[in-house]
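# Tertiary structure, described
Chain by chain, the residues run as shown.
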Amino acid sequence: MIQKLTHQDIDKAVKLYRRELPGLLAELGTGFLKKFYKVLLSLPDCWVFVEKEDEQILGLTSGILSVGGLYKTIFLRDILGFTSIFLGIFITRPVLLIKIIQMMLYPGFKSDIPELLTIVVDPRYRRKGMGRKLFMKIVAEFKKKGVKEFRISVYDYLPSYGFYQKIGCQKKTSFYIGRQKINYYLYKIK
Ligand SMILES: CC(C)(COP(=O)(O)OP(=O)(O)OC[C@H]1O[C@@H](n2cnc3c(N)ncnc32)[C@H](O)[C@@H]1OP(=O)(O)O)[C@@H](O)C(=O)NCCC(=O)NCCS
């Protein structure tokens, strides 16, 4: 059953995220992601849903009405917590910190537009319609707010192109963070 992510389920959701969504945010570690989702739950016009069955998290999705300034907002909500995480990263993996700064400076992340931030389904439950259901849950929330279209930024190496194509998204542009290519997809709400 799809339901809103609760604080009690953040650990399980983060586990699924780290396992199945390799990328910059996952590289920042479990501690970072837990704080990230904790803050997302407190933001207005931000939705985080999970597919939950017998206490297991089988799928996760999130969307936000305005992605502009998201990372800054998140940082400011827990300055001490994030600073200590980033200091640890600075000492052990300085290159990762450079990537974070590049991402935060990317003009696309300053745009005041709606974005689907995450969608992931446990591999054992894929190709059974769960991804579509989660996606449409975010669509429904955007629709209530009068949103006509929204964006999705997806690492090029993720094999989810077929999914987005089937769902009706159009690939628009691409950009790079370091050597990592990221594609922007657009979904028009009917
Ligand atoms: C992308 C993802 C969420 C899709 O979840 P899912 O539950 O398998 O998706 P669905 O079963 O609802 O599929 C919806 C449609 O897309 C198609 N589809 C799903 N994954 C596909 C793929 N990898 N290649 C081609 N088509 C795909 C399905 O066949 C289905 O088509 P249909 O409606 O004509 O039958 C899942 O594969 C996943 O978690 N991937 C890893 C994380 C990821 O890459 N997320 C996207 C970046 S944020």
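Everything below is about the structure printed above this text.
Structure report, in brief. Computed from a predicted structure; not experimentally measured.

What counts, and at which threshold
Residues numbered from 1 in each chain as written. Predicted model: local features only at pLDDT ≥ 70, side-chain atom pairs only at ≥ 80, totals over all residues. Helix = DSSP H or I, 4+ residues; strand = E, 2+ residues; numbered from the N terminus. Rg over C-alpha atoms; globule rule 2.2 N^0.38 Å. Buried ≥ 20, exposed ≤ 12 C-beta atoms within 10 Å, placed from the backbone. Pairing = 2+ DSSP bridges. Axes fitted to C-alpha atoms, helices over the stretch in contact; angles between N-to-C directions. Contact = placed C-beta atoms within 7 Å. Near = placed C-beta within 6 Å. Nonpolar A, V, L, I, M, F, W, Y, C, P; charged D, E, K, R; others polar. Core = buried A, V, L, I, M, F, W, Y, C linked by C-beta atoms within 7 Å. Expected span 1.5 Å × (residues − 1). Arc of directions from axis to C-beta. Parallel < 35°, antiparallel > 145°, perpendicular 65-115°, else oblique.

## Quick notes on the overall build of the protein
- A tally of regular secondary structure across the protein gives eight helices and seven strands.
- A compact globule built from 190 residues should have a C-alpha radius of gyration of about 16 Å, and the protein, at 16 Å, falls within 12% of that.
- Projected onto the principal axes, the alpha-carbon positions of the protein cover approximately 45 × 40 × 30 Å.
- Within the protein, buried positions represent 28% of all 190 residues.

## Some points on the sheet that holds strand 3 (residues 56-64)
- Here we have seven strands laid out as an open sheet, ordered 1-2-3-4-5-7-6, and mixed in their pairing. Of all strands in the sheet, those with a lone pairing partner are strand 1 (2-4) and strand 6 (170-177), marking the two edges. Averaged over all pairs of adjacent strands, the angle between their axes in this sheet comes to 30°, without regard to strand direction.
- In this fold helix 1 (residues 10-20) packs onto strand 2 (46-53), strand 3 and strand 4 (115-121), with an angle of close to 85° to the strand it touches most, strand 3.
- Across the face of the sheet, helix 7 (residues 130-144) comes into contact with strand 1, strand 2, strand 3, strand 4 and strand 5 (149-155) while running at roughly 35° to strand 3.

## Side note on the site of the ligand
- In the vicinity of the ligand there are 20 residues, among which R126, G131, R132, G162 and K166 approach most closely.
- Among the secondary structure elements, those contributing two or more residues to the shell around the ligand are strand 4, helix 7 and helix 8 (161-167).
- Each residue belonging to the shell around the ligand can be placed in one class, and the counts come to nine nonpolar, five polar and six charged.

## Describing the nonpolar core
- Among the nonpolar cores identified, the biggest contains 42 residues, and L5, A13, Y17, L33, Y37, L60 and I152 are the most heavily contacted of them.
- Elements with a contribution of two residues or more to this core: helix 1, helix 3 (30-42), strand 2, strand 3, strand 4, helix 7, strand 5 and strand 7 (180-188).
- Not counting residues within four places of it along the chain, the set of residues in contact with Y37 comprises L5, I10, A13, V14 and V48.

## Let's talk about helix 7
- Its 15 residues give helix 7 an end-to-end C-alpha distance of 22 Å, which sits within 8% of 21 Å, the value for a rise of 1.5 Å per residue.
- Inspection of helix 7 places G131, L134, F135, I138, V139 and F142 among the buried residues, and these make up the whole buried set. For helix 7, the buried positions fall inside an angular range of 145° around the axis, keeping them on one side. Of the residues in helix 7, the exposed ones pointing more than 90 degrees away from the buried face are A140 and K144.
- Contacts made by the buried residues of helix 7 are with strand 1, strand 2, strand 3, strand 4, strand 5 and helix 8.
- With its phi angle positive at about 80°, G146 sits one or two positions after the end of helix 7.

## Considering the environment of F163
- Topologically, F163 is positioned in helix 8.
- Considered as a pair, F163 and R127 are 36 residues apart in the sequence and their alpha carbons are 9.3 Å apart.

## As for unusual backbone geometry
- Of note in the backbone geometry, D54 takes a positive phi value of approximately 45° without being a glycine.
- Its location among the elements puts D54 in the loop between strand 2 and strand 3.
- Within the chain, E55 stands out as a residue other than glycine whose phi angle is a positive 70°.
- Tracing the backbone shows E55 in the loop between strand 2 and strand 3.

## Describing the packing of helix 5 (residues 79-92) against helix 6 (residues 94-105)
- The contact between helix 5 and helix 6 brings their axes to 5 Å, and the two run at 125°. Looking at the two axes, helix 5 sits oblique to helix 6. In this structure, helix 5 uses F86, I89 and F90 to contact helix 6, whose residues at the interface are P94, L96 and L97.
- Broken down by class, the residue content of the contact of helix 5 with helix 6 amounts to six nonpolar, no polar and no charged.

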